[in-house]
Amino acid sequence: MRVDMTRRGGIAGVALHAALDTAVLAAPDASHVEAALRDLPWDRSTTGPIEVDRFRYEMVTVEYGQERRVVLGESEIPDALRPLLALLVDHGQIRPASG
């Protein structure tokens, strides 16, 4: 499964993009990542207010040719997803995001 994350906002307002394919992870890490993604409220934008100096995360997955997308405010990130965000930073490719 391919996972793309764009993080926008924060104090500096810098946008970052990270991409990760779970196929490159060890089996336990890949299982944790895929499990964390299953329960997200896919195909919706965040419903909360824009929080000053906080991050907003856009997550996109592609699996078997199907794309799913969700936008979450920093306070909406479930605890189960936090290890995935760390993996994206550790194993993903970080570059400035457009927009």
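Residues numbered from 1 in each chain as written. Predicted model: local features only at pLDDT ≥ 70, side-chain atom pairs only at ≥ 80, totals over all residues. Heavy atoms only, no water.

**Q** Please explain the nonpolar core as it appears in this structure.
**A** Side chains that are nonpolar tend, in soluble globular proteins, to be buried together. Counting 22 residues, the largest nonpolar core has Leu37, Met59, Leu81 and Leu88 as its most contacted members. Taken together, the elements giving at least two residues each to this core come down to β1 (2–9), β2 (16–21), α1 (27–38), β3 (55–63), β4 (66–73) and α2 (82–91). Dropping the residues within four chain positions of it, leucine 81 is found in contact with Ala36, Leu37, Leu40 and Leu72. (Core = buried A, V, L, I, M, F, W, Y, C linked by side-chain atoms within 4.5 Å. Buried < 20%, exposed > 50% of the residue type's maximum accessible area, 1.4 Å probe, protein only. Helix = DSSP H or I, 4+ residues; strand = E, 2+ residues; numbered from the N terminus. Contact = heavy atoms within 4.5 Å.)

**Q** Is there a simple way to explain the confidence of the model for the protein in this structure?
**A** Any region with low pLDDT has predicted coordinates that should not be read closely. For the protein, mean pLDDT is 82; residues scoring 70 or higher make up 85% of the total. Per-element confidence in the protein ranges from a low mean pLDDT of 64 for strand β5 (residues 95–96) to a high of 91 for β4. (pLDDT = per-residue confidence, 0-100.)

**Q** Could you clarify how one ought to interpret the side chain of glutamate 74 in this entry?
**A** Take glutamate 74: it is sitting in the loop between β4 and α2. A polar contact is formed between the side chain of glutamate 74 and the backbone nitrogen of phenylalanine 55, at a distance of 2.8 Å. Those residues in contact with glutamate 74, other than ones at most four positions away along the chain, are Glu51, Arg54, Phe55, Tyr57 and Arg82. (Polar contact = N/O pair within 3.5 Å; in protein donor to acceptor, adjacent residues only side chain to side chain.)

**Q** Can you walk me through the pairing of β3 in this structure?
**A** Judged from the eight bridges that link them, β1 and β3 form a sheet pairing that is antiparallel. Residue pairing in the sheet places arginine 2 in a bridge with valine 62 of β3. Two strands pair when backbone bridges link them, and β3 and β4 are joined in this way by eight bridges, in the antiparallel orientation. If you follow glutamate 58 over to β4, its bridge partner there is valine 71. Following β3, the chain reverses through two residues before pairing antiparallel with β4; tyrosine 64 in that reversal takes a positive phi of roughly 55°. (Pairing = 2+ DSSP bridges.)

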